[in-house]
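Here is what each chain is made of, one letter per residue.
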Amino acid sequence: MTATAEMGSVGGAVRRRRVWGDMRTLRPLQALGLSATAESAYLALVESGPQILTELTSRPGLVGAPLDGLKKAVAELSDMGLVSRTDGRLAAQPPRAVLEAVAERRAHEARIAYESATALSQYWLDHTAGASYVEVVDTSERHGEIQARVHNGAVSQVRALSIGPVGGGERMPEVGPGTLEALDRGIAYRVVYSANILRDPKAMDVAHECVARGEQARVFPDVALNVLVCDERFAVVSVAAPNRTGHHSVVVQPSGLLDGLIGVFESYWQIAVPLPPAGEAVNNEATPERRRLLSYLSMGLTDESIARELGVSERTVARRIARLQEMLGAKTRFQLGVQASRRGWL
């Protein structure tokens, strides 16, 4: 073997190992609903060529696999058209035409599902009482499913108010299903967290994980409810069930109510303060020092006079005022006074 041929052989082996690794990472057939065993069997047949069933038990991912499990896996592949059998030997079939047909079929099924949802929703509304733009769903047993519709269906932005879990029992703080994936695909997130849930270090970790992926986050002392708004299309409000042992989700479609919920969010956003960086505690309480500084400002004292009263430099006064403006989301000193008054700091 020449040096060039030998290098080509080595390069081909490296490339095959890399592709095999990519397949293990992507899991393309499992993503379509096939079992891990079926996927491993298909990859083995592509790499090694036609084999009898028992020969597959020596291939990567299939060592020690029971024959009954392998038979079921081969049946999965055969039903999809990815494997054929001739004289007892199994052979992998080219995947593109087969999987493109699967994609077309599933796209057709998705269209039918959306059309059915529209038709059945109208039928439901025609035969039940209540506003046509509001749907109440019991989510006690599947609290993440409705919220996932927001994250997975968002096209441009998600706005949220967060007070933490509602209903009976306590759940560990967690990133909502689909949130990180939506952030990764460029969906803009603005979230106002209630300060009380951020006293929990685990909740803070969850919030900072989202911020690290691109979320804009602010904090307000008393957020009133959990709301997720998907673009301008619909909103999900999580509320405790009447017996407090579970919770419901209220889905609000385009309407004056949806506009009102968006307005509520924007009002909170304007008066909320930025989420402190990781490692910095949430501290937006009215301390005696802050109250004193605000009272001097409300009396119209100049920075020079305030500095004299507090026994500090004018630069220190200016820095403290700027910090208060940042905390309260105020762009001017007048707005600072308004925000402080709203919070009862004056």
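Structure first, text after, so check above.
Before going into details, it helps to say that this report is about the structure given with it. (Residues numbered from 1 in each chain as written. Predicted model: local features only at pLDDT ≥ 70, side-chain atom pairs only at ≥ 80, totals over all residues. Heavy atoms only, no water.)

1. Overview of the overall build of the protein chain
Which entries qualify depends on this criterion: In DSSP terms, a helix is any run of H or I states spanning at least four residues, a strand is any run of E spanning at least two, and both are numbered starting from the N terminus. Between buried and exposed lies partly exposed: a residue is buried under 20% and exposed over 50% of the maximum accessible area for its type, with that area taken using a 1.4 Å probe on protein chains only. Residues count as neighbours in contact if any of their non-hydrogen atoms are within 4.5 Å of one another. Computed by Shrake-Rupley with a 1.4 Å probe, the accessible areas treat only the displayed protein chains as cover when residues are assessed.
Counting secondary structure elements, the protein chain contains twelve helices and ten strands. Counting every position in the protein chain, which comprises 346 residues, the buried fraction comes to 36%. Residue pairs at least 24 apart in sequence account for 67% of intrachain contacts in the protein chain once pairs closer than 6 positions are excluded. Approximately 20000 Å² of the protein chain is accessible, and the part contributed by carbon and sulfur atoms is 55%.

2. Some remarks on the pairing of strand 7 (residues 226-230)
Convention followed: Any two strands between which DSSP finds at least two bridges are classified as paired.
When you tally the buried positions in strand 7, you get five out of five residues, the bulk of the element. Here strand 4 (residues 157-162) runs beside strand 7; their pairing, made up of four bridges, is antiparallel. Across the sheet, the residue bridging to Val 158 is Cys 230, located in strand 7.

3. Some words on the side chain of Asp 231
Heads up, the condition is: Here a polar contact is taken to be a pair of N or O atoms separated by no more than 3.5 Å, where protein atoms must pair a possible hydrogen donor with a possible acceptor and residues adjacent in sequence count only if both atoms sit in side chains.
Residue position: Asp 231 is located in the loop between strand 7 and strand 8 (234-240). At a separation of 2.8 Å, a polar atom in the side chain of Asp 231 contacts the main-chain amide nitrogen of Val 155. Within the local environment of Asp 231, its side chain forms a polar contact with the backbone nitrogen of Gln 157, the two atoms lying 2.9 Å apart. Excluding residues within four positions of it along the chain, Asp 231 makes contact with Gly 153, Ala 154, Val 155, Ser 156, Gln 157 and Arg 159.

4. With respect to the nonpolar core
Stated precisely, the cut-off is as follows: The term nonpolar core refers to a set of buried residues drawn from Ala, Val, Leu, Ile, Met, Phe, Trp, Tyr and Cys, joined through side-chain atoms within 4.5 Å.
Ranked by size, the top nonpolar core spans 43 residues in total, and within it Val 150, Val 158, Leu 294, Leu 324, Leu 336 and Trp 345 carry the most contacts. Top element by residues in this core is helix 11 (residues 314-328). It accounts for five residues. Membership of the second largest hydrophobic core comes to 22 residues, among which are Ala 38, Tyr 42, Leu 62 and Val 83.

5. Quick look at the packing of helix 9 (residues 288-298) against helix 10 (residues 303-310)
The condition that has to hold: The convention used is that axes are lines fitted to C-alpha atoms, helices contributing only their stretch in contact, and that angles between N-to-C directions extend from 0 to 180 degrees. It is the rotation of the near helix from the far one that decides the hand of a crossing: anticlockwise by less than a right angle makes it left-handed, clockwise makes it right-handed. The residue classification treats Ala, Val, Leu, Ile, Met, Phe, Trp, Tyr, Cys and Pro as nonpolar and Asp, Glu, Lys and Arg as charged. All others, Gly included, are polar.
Where helix 9 contacts helix 10, the axes come no closer than 10 Å and their chain directions differ by 145 degrees. The two elements helix 9 and helix 10 cross, and the hand of that crossing is right-handed. Listed contacts from helix 10 to Arg 292, Leu 293, Tyr 296 and Leu 297 of helix 9 are Ile 306, Glu 309 and Leu 310. Of the residues belonging to the contact of helix 9 with helix 10, the class tally is five nonpolar, no polar and two charged.

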